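# Summary of the model geometry
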Amino acid sequence: MTRSSAPGKVYLFGEHAVVYGEPAVPCAIERRARVGVQRREDGKLRVHAEDLSLDGFTVEYGGGADGQPDVDVAESLVSAAMGYVDGAIEQVREVTGEEEVGFDVTIESDIPLGAGLGSSAAVVVAAIDAATRELGVTLEPTEIADRAFRTEYEVQDGQASRADTFCSATGGAVRVEGEDCGSIEAPDLPLVIGFDGGAGDTGELVAGVRRLREEYPFAADTVGAIGDVVRNGEDVLEAGDLEELGRLMNFNHGLLSALGVSSRSLDSMVWAARNAGAYGAKLTGAGGGGCIVALDPTDETETALSYTPGCEETFRAELADEGVKRLE
Ligand code: MEV
């Protein structure tokens, strides 16, 4: 069995707007998806997954249209997860030229699904790395990022940016603007996460923003304003001014809220963090439910979040310098 891991991420700035060519700054965090892959000679794909949201399921099928997964967890979560794994394996078949190859795939993840921490990108990146290496092919992280992006793009009906997949493949803090992706310097950031135990549907949320943008010119301006916040945020990040960084994160959250992608629990956690003295707080990822990220070097935000109704889990996140990683 060949095993790889890849990190999740938080968005300091720019989710949603990045889909329309504005810049975004995600940071990889030390919460990882680990994927083990073993070649099968019968061409079938068998996936066993365990993580915080899918309590453990196994799917075995032919990998073609005739495949009938037989599982006992919510079908929408399974089909979402399977779509990403299927897409990753398609990329592996294409790049290795082994069109008929099958695999046993095992996924373990400490990144909750659909919660804004980049679980799908981490699974896809780790799966592409492990499965290509299982076939004797080693890809550069940028090529893995590109193939993982193509997977997300297809699964999300053409509504995906390169941000999540590039960040997961390369690690660290990154800047993404359209096709332009690169690593940037970031100071040690005191990141605190609040998780409401829920998940948002990325495809639906992105489609909702698209509809608003088409309907109201001021919604398109709101997307542009997020881009302005990000451009300011990049300089502030470089200068290491946490207070100003927090202020801009607050601004970014307000604009996301105006675009309809926040929720009651995300707003409660954001306000709990701010009232506890965090420099700033915002939702991270597609929204609708899931996680917020706050900046606070003290314990106050974690303590406040642990008493906030609607917050199921809170933890401090370390920046992950390393992206996709080969495991023994
Ligand atoms: C989802 O993690 C981030 C979005 O900007 C979508 C994307 O960039 O693909 C909402």
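Counting restarts for each chain, with residues numbered from 1 along the sequence as it is written. Given that the model is predicted, a residue must reach a pLDDT of at least 70 before its local features are reported, and side-chain atom pairs must reach 80 or more before they are shown or counted; all residues, however, enter totals for whole chains, interfaces and linings. The basis for every side-chain value is the complete set of non-hydrogen atoms in the structure, without hydrogens or water.

## Here we look at the site of the ligand
Short version of the rule: A molecule or strand has a residue near it when one of that residue's heavy atoms lies within 4 Å. In protein, a polar contact means a hydrogen-donor-capable atom and an acceptor-capable atom, both N or O and within 3.5 Å, with residues adjacent in sequence counting only if both atoms are side-chain atoms; elsewhere, any N or O pair within 3.5 Å suffices. In this description, accessible areas are obtained by the Shrake-Rupley approach with a 1.4 Å probe, and a residue is regarded as covered only by the protein chains that are shown. Residues are grouped as follows: Ala, Val, Leu, Ile, Met, Phe, Trp, Tyr, Cys and Pro are nonpolar; Asp, Glu, Lys and Arg are charged; all remaining types, including Gly, are polar.
Around the ligand, 13 residues are found, and the nearest of them are His16, Val18, Ala160, Ser161 and Asp164. A distance of 2.9 Å is found between an oxygen atom of the ligand and a backbone nitrogen or oxygen belonging to histidine 16. Here an oxygen atom of the ligand and a side-chain polar atom of aspartate 164 are 2.8 Å apart. When the free accessible area of the ligand is taken as 300 Å², the share hidden by the protein chains comes to 96%. For the shell around the ligand, a count of residues per class yields six nonpolar, four polar and three charged.

## Remarks on the environment of proline 297
Note the cut-off: Segments assigned H or I by DSSP are reported as helices when at least four residues long, segments assigned E as strands when at least two residues long, and all are numbered from the N terminus. Whether two residues touch is decided by their heavy atoms; if any such pair falls within 4.5 Å, the residues are in contact.
If you trace the backbone, proline 297 turns up in the loop between strand E10 (291-295) and helix H9 (300-306). Residues proline 297 and alanine 320 lie 23 residues apart in sequence; the distance between their C-alpha atoms is 18 Å. Apart from the residues within four sequence positions on either side, proline 297 is in contact with Pro190, Tyr279 and Arg316.

## Describing the sheet that holds strand E8 (residues 191-195)
Rules: Only strands joined by at least two bridges in the DSSP assignment are considered to pair. Every axis corresponds to a line fitted to the C-alpha atoms, with the helix fit spanning only the stretch in contact, and the corresponding angles, defined between N-to-C directions, vary from 0 to 180 degrees.
Read across the open sheet, the four strands follow the order E9-E10-E8-E11; overall the sheet is antiparallel. Every other strand in the sheet has two partners, leaving strand E9 (280-283) and strand E11 (313-317) as the edge strands with one partner each. For this sheet the average axis-to-axis angle between neighbouring strands, irrespective of direction, equals 20°. Here E9 runs beside E10; their pairing, made up of four bridges, is antiparallel. The residue bridging alanine 281 from the neighbouring strand is alanine 294, located in E10. Where helix H7 (residues 242-258) meets the sheet, its contacts fall on E9 and E10, and the angle it forms with E9 comes to roughly 30°.

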